[in-house]
Amino acid sequence: MSQPCIICVAITGSLPTKANNPAVPITIAEQIESTHEAFEAGASIAHCHVRDDEGKPSSDPERYGRLKEGLEKHCRGMIVQLSTGGRSGAGQARGAMLSLRPDMASLAVGSNNFPTRVYENAPDLVDWLAAEMAAHGVKPEIEAFDLSHILKAHEMWKRGQIVERPYVQFVMGVKNAMPVDRDVFDYYIHTVKRLFGENVPWCAAGIGSNQIVLNEWAIAAGGHARTGLEDNVRLDRERLAPSNAALVERAADLCRTYGRPVATWQQAREILGIPLKA
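Residues numbered from 1 in each chain as written. Predicted model: local features only at pLDDT ≥ 70, side-chain atom pairs only at ≥ 80, totals over all residues. Heavy atoms only, no water.

Asks: Which parts of the structure should I look at to understand the overall build of the protein?
Replies: On a plain count of helices and strands, the protein comes out with 8 helices and 12 strands. The C-alpha radius of gyration of the protein comes to 17 Å, within 12% of the 19 Å expected for a compact globule of 278 residues. Its C-alpha atoms give the protein principal-axis dimensions of roughly 45 × 40 × 40 Å. Buried positions account for 54% of the 278 residues belonging to the protein. Within the protein, residue pairs in contact and separated by at least 24 positions form 70% of the contacts whose partners lie at least 6 positions apart. Surface exposure of the protein reaches about 11600 Å², of which carbon and sulfur atoms provide 51%. Charge separation in the protein, taken as the distance between the mean sites of 30 positive and 33 negative side-chain charges, equals 2 Å. (Helix = DSSP H or I, 4+ residues; strand = E, 2+ residues; numbered from the N terminus. Rg over C-alpha atoms; globule rule 2.2 N^0.38 Å. Buried < 20%, exposed > 50% of the residue type's maximum accessible area, 1.4 Å probe, protein only. Contact = heavy atoms within 4.5 Å. Areas by Shrake-Rupley, 256 points an atom, 1.4 Å probe, with all protein chains shown as cover. Lys, Arg positive; Asp, Glu negative; His and termini not counted. Charge placed at Lys NZ, Arg CZ, Asp CG, Glu CD.)

Here it is, written out as structure tokens:
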């Protein structure tokens, strides 16, 4: 298999703290430095959240703007993907940063259970976020926590709410949502290819210790992989991950095991149809 593998690094997220792992980057400066290291290790997409001065999740467009500017300066060509996730804000505040015109943004198209709450994505909010992404030329990454989310993304694409073929990411291993199940994973791939075409790119993310499992499944099956401290702060039971770069290097090692080159940022943009903005 010679198709290059895109590695996405989810650098911070909304939940991990330095108490969980001192390497978790919280400030904008820390995030830029950590992403640069991951970029040099082979990551070509940066999935980004921001925190406030107390380290709590935020949707502040000003903070996102500073992070985006820093990444574009220090990680030239890397795809910047901003999160519209529900832990960072409520309602349309979740998409306030889309006017910054990042390369990509995450888009959850349906609700599901999380460990202690419902991850709510109401239809009107989903429609609004998709419209904002289309208006600002932002490619959505569909966060599929359930099979129905893939089917919903297809419906939105057919109706023109999603302009281009969606890039779907399977998220598995969130407590109370979809567990890590190989039969389900294989059916996800079947469904994406049936709905969007045999050669459509797709990605997978595993939470906690399942990160390495989903990395291997996705890379071996011809998909793309997400890693990073947002989803998992450990290398194994005994060792914390020393950096986002270390997790990227682990995914890159799997690429070599399965004979797949790690995608450069140029290749990642070509695969996903994302031109470099002026």
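Additional details are given in the paragraphs that follow.
Asks: I keep staring at the nonpolar core and nothing clicks. Help me out?
Replies: Grouped burial of nonpolar side chains is what soluble globular proteins tend to show. Of all hydrophobic cores here, the largest spans 59 residues; its most connected members are Ile150, Phe170 and Phe185. The contacts of phenylalanine 170, once residues within four sequence positions are left out, are Ala144, Ile150, Phe185, Tyr188, Ile189, Val192, Trp202, Cys203, Ala204 and Ala205. Core analysis: the next-biggest nonpolar cluster, separate from the first, contains 11 residues, Ile6, Ala263, Ala268 and Leu272 among them. (Core = buried A, V, L, I, M, F, W, Y, C linked by side-chain atoms within 4.5 Å.)

Asks: Mind showing me how you'd approach the sheet that holds strand E10 (residues 167–172) here?
Replies: Across a sheet, paired strands are connected by hydrogen bonds in the backbone, their directions being either parallel or antiparallel. The 8 strands are arranged E1-E2-E5-E6-E9-E10-E11-E12 in a closed barrel whose pairing can be described as parallel. Between one strand axis and the next, the sheet turns through 25° on average, direction left out of account. Relative to strand E9 (residues 139–144), strand E6 (residues 104–107) is paired through 4 bridges, and the arrangement is parallel. Counted as the bridge partner of methionine 104 is lysine 139 from E9. Together, strand E1 (7–10) and strand E12 (224–227) form the strand contacts of helix H7 (residues 244–257), whose direction differs from that of E1 by roughly 160°. (Pairing = 2+ DSSP bridges. Axes fitted to C-alpha atoms, helices over the stretch in contact; angles between N-to-C directions.)

Asks: What is the right way to look at unusual backbone geometry in this model?
Replies: Trans is the prevailing form of peptide bonds, just as negative phi is the prevailing case for residues other than glycine. Non-glycine residue arginine 101 carries a positive phi angle of around 55°. In this structure, arginine 101 sits in the loop between strand E5 (79–82) and E6. Here arginine 101 falls in the partly exposed class, since its relative accessible area comes to 42%. Here the phi dihedral of asparagine 176 falls at roughly 80°; this positive angle occurs in a residue that is not glycine. Its place among the elements puts asparagine 176 in the loop between E10 and helix H5 (182–196). Residue class for asparagine 176 comes out partly exposed when judged on its relative accessible area of 46%.

Asks: Would you take a moment to explain the confidence of the model for the protein for this structure?
Replies: A low pLDDT score tells you not to read the predicted coordinates there in detail. Confidence in the prediction for the protein averages 97 pLDDT; 99% of positions are at 70 or higher. Ranking the elements of the protein by mean pLDDT puts strand E8 (residues 118–119) last with 94 and E1 first with 99. (pLDDT = per-residue confidence, 0-100.)

Asks: Would you take a moment to explain the pairing of E1 for this structure?
Replies: Each regular strand carries side chains that alternate between the two faces of the sheet. Residues Ile7 and Val9 line one face of E1 and the alternating positions Cys8 and Ala10 line the opposite face, and both faces are buried. As paired elements, E1 and E12 share 3 bridges and run parallel to each other. Bridging from a neighbouring strand, isoleucine 7 pairs with alanine 225 of E12. By the bridge criterion, 3 bridges tie E1 to strand E2 (residues 45–48) in an arrangement that is parallel. Bridge pairing links cysteine 8 to isoleucine 45 in E2. For the handedness criterion, the β-α-β arrangement of E1, helix H1 (residues 28–41) and E2 is classed as right-handed. (Right-handed = clockwise from strand over helix to strand, strands pointing away.)

Asks: What exactly am I supposed to notice about the side chain of arginine 250 here?
Replies: In this structure, arginine 250 sits in helix H7. The side chain of arginine 250 is buried and forms no salt bridge, while aspartate 236, the nearest opposite charge, is found at 7.0 Å. A polar contact of 3.3 Å, which involves the side chain of arginine 250, links it to the side chain of glutamine 211. Those residues in contact with arginine 250 that sit more than four places away from it in its chain are Gln211, Ile212, Asn232, Arg234 and Leu235. (Salt bridge = Lys/Arg side-chain N within 4 Å of Asp/Glu carboxyl O. Polar contact = N/O pair within 3.5 Å; in protein donor to acceptor, adjacent residues only side chain to side chain.)

Asks: Just to check I follow, could you spell out the environment of histidine 154 for this structure?
Replies: If you trace the backbone, histidine 154 turns up in helix H4 (residues 147–158). Taking the C-alpha atoms as reference points, histidine 154 and valine 192, separated by 38 residues in sequence, lie 8.8 Å from one another. Non-local contacts of histidine 154, meaning those with residues more than four positions away in its chain, are made with Leu195 and Phe196.

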